[in-house]
Amino acid sequence: MNAGVRIPSFIESLTGISDTMIRSAPSAAIVVREVSDFIGDIPLVAHNASFDCKFWDAELARIKHCRRQEFAYSSFFVAGASPVTASAKSKTGRASSDLPSCLWRGVLTGH
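Residues numbered from 1 in each chain as written. Predicted model: local features only at pLDDT ≥ 70, side-chain atom pairs only at ≥ 80, totals over all residues. Heavy atoms only, no water.

Visitor: Quick rundown of the packing of helix α3 (residues 28–39) against helix α4 (residues 49–62)? Include the residues and the values.
Guide: Where α3 contacts α4, the axes come no closer than 9 Å and their chain directions differ by 115 degrees. On the basis of the axis angle, α3 is roughly perpendicular to α4. Considering how the two elements wind past one another, α3 and α4 form a crossing that is left-handed. Judged by residue contacts, A28, V32, V35, S36 and I39 of α3 engage W56, E59 and L60 from α4. Across the contact of α3 with α4, the residue classes tally to six nonpolar, one polar and one charged. (Axes fitted to C-alpha atoms, helices over the stretch in contact; angles between N-to-C directions. Helix = DSSP H or I, 4+ residues; strand = E, 2+ residues; numbered from the N terminus. Parallel < 35°, antiparallel > 145°, perpendicular 65-115°, else oblique. Left-handed = near helix turned anticlockwise from the far one by under 90°. Contact = heavy atoms within 4.5 Å. Nonpolar A, V, L, I, M, F, W, Y, C, P; charged D, E, K, R; others polar.)

Written out as structure tokens, the structure is:
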């Protein structure tokens, strides 16, 4: 998406994404509106939900929309893990490697 601002050289070297690549991309407002319409009120799962929630709320405010769903920390789906322990484990890769099965188990059991 085209955020309407120049991509800093540091970000370009880190991601490989250049201003030329996004020049003809849809605007952030269009993309955020389409994503918001698509997800509706379905809860979102995020690794760093407090950051992602604030970011999503700010982007929605730019287009005069409000968030309609809750955010859940992905660590809540790791059996027996608190956000702190899941975060610590994810640094070793232990929690993140089991996350897909934990998420699926959460969907099937409703937990």
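Visitor: Give me the lowdown on the confidence of the model for the chain, citing residues and values where you can.
Guide: Looking at the chain, pLDDT values average 76 and 67% of them are 70 or higher. The model gives residues 83–97 a pLDDT under 50, and that stretch makes ten contacts with residues more than four places away or in other chains. (pLDDT = per-residue confidence, 0-100.)

Visitor: Outline α3, listing residues and values.
Guide: Its twelve residues place the ends of α3 16 Å apart at the C-alpha level, agreeing with the 16 Å of an ideal helix rising 1.5 Å per residue. Of the positions making up α3, those classed as buried are A28, V32, S36 and I39. On an axial view of α3, the arc spanned by its buried residues comes to 80 degrees, and they lie on one face. Structural note: α3 exposes E34 and F38 on the side pointing more than 90 degrees away from its buried face. The elements touched by buried residues of α3 are β1 (44–46) and α4. (Expected span 1.5 Å × (residues − 1). Buried < 20%, exposed > 50% of the residue type's maximum accessible area, 1.4 Å probe, protein only. Arc of directions from axis to C-beta.)

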